[in-house]
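Survey of secondary and tertiary structure
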Amino acid sequence: MAGSWRARAQAGGMLLALLGWVSSCVTTFVPLWKSLNLDLNELEVWTMGLWQVCIAREEGAVECRAHGSFLALPPELRVSRLLMCLSNGLGLLGCLLAAPGLEGWRACEDKPGLKRRLLLTGGAAFGTAGMATLAPVSWVAYNTVLDFWDDTVPNIVPRWEFGEATFLGWFAGAFLAAGGLLLACSARSTRTATPPAPTCRRPPATRGPAGGHNPHPKNTDLVI
């Protein structure tokens, strides 16, 4: 029963972690972290990501332009680039480490201790990747809210709002953290079966020849 629970927990954790890792990779590269609707020109929608800014027009044409210098970017975008790339690398490392540690994987079957350590390390890598995803997405979202409600900016000036990648990044970080936690918990509950302690048994009593007589004479049978 415990083995079945561990197998289900490992499968669910690996599925969540893989889904979060793919979503984190998509969040890193899509230019949908922020969106801007111009009141003066409603036919254009501006979107911005970590790497480029795009303009989507009503006729379906999309024009994108990469950011200029890395040092010219706002601090949150610079740090977000680094953390998201780190998250993607940690997610890939978690996949490579956790896969051989799964119970259904034939690798290292004769080394349960190694499988348990691989599963723990993979779960920790997934959890760290989740934190590395949640931190930049939340930071960019926080600054977006501050800029949106900034009273020093005139109301006529258009303001950036949340893009689809912001919500996708939050889901990605949550899936990575939940998957890593499940993998780590299933690894901690795995214990190598210890053989039962040997029971002390009394050696069988030696019996004499047929008839049950002792071959050695008793003291009373000795003739003096």
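Residues numbered from 1 in each chain as written. Predicted model: local features only at pLDDT ≥ 70, side-chain atom pairs only at ≥ 80, totals over all residues. Heavy atoms only, no water.

Turning to the sheet that holds strand β4 (residues 62–66), a few remarks are in order. Strand order in the open sheet formed by 5 strands is β4-β3-β2-β1-β5, with antiparallel pairing between adjacent strands. If you trace the sheet from one side to the other, it starts and ends with β4 and β5 (161–162), each paired once. The pairing of strand β2 (residues 44–48) with strand β3 (residues 52–57) spans 5 bridges and is antiparallel. Bridging from a neighbouring strand, M48 pairs with V53 of β3. (Pairing = 2+ DSSP bridges. Helix = DSSP H or I, 4+ residues; strand = E, 2+ residues; numbered from the N terminus.)

Quick look at the state of the cysteines now. Overall, the coordinates contain 1 disulfide when judged by the stated rule. Note that C54 is cross-linked by a disulfide to C64, the S-S spacing being 2.0 Å. Disulfide C54-C64: the torsion about the S-S bond is 105°, which places it as right-handed. One end of the pair, C54, is in strand β3; the other, C64, is in strand β4, with 10 residues separating them in the sequence. Using a relative accessible area of 38% as the deciding quantity, one classes C64 as partly exposed. This cysteine, C85, is not joined by any disulfide, and C25 carries the nearest cysteine sulfur, 9.6 Å off. Sulfur of C95: no disulfide; nearest cysteine sulfur belongs to C25 and is 9.0 Å away. (Disulfide = S-S within 2.5 Å. Buried < 20%, exposed > 50% of the residue type's maximum accessible area, 1.4 Å probe, protein only.)

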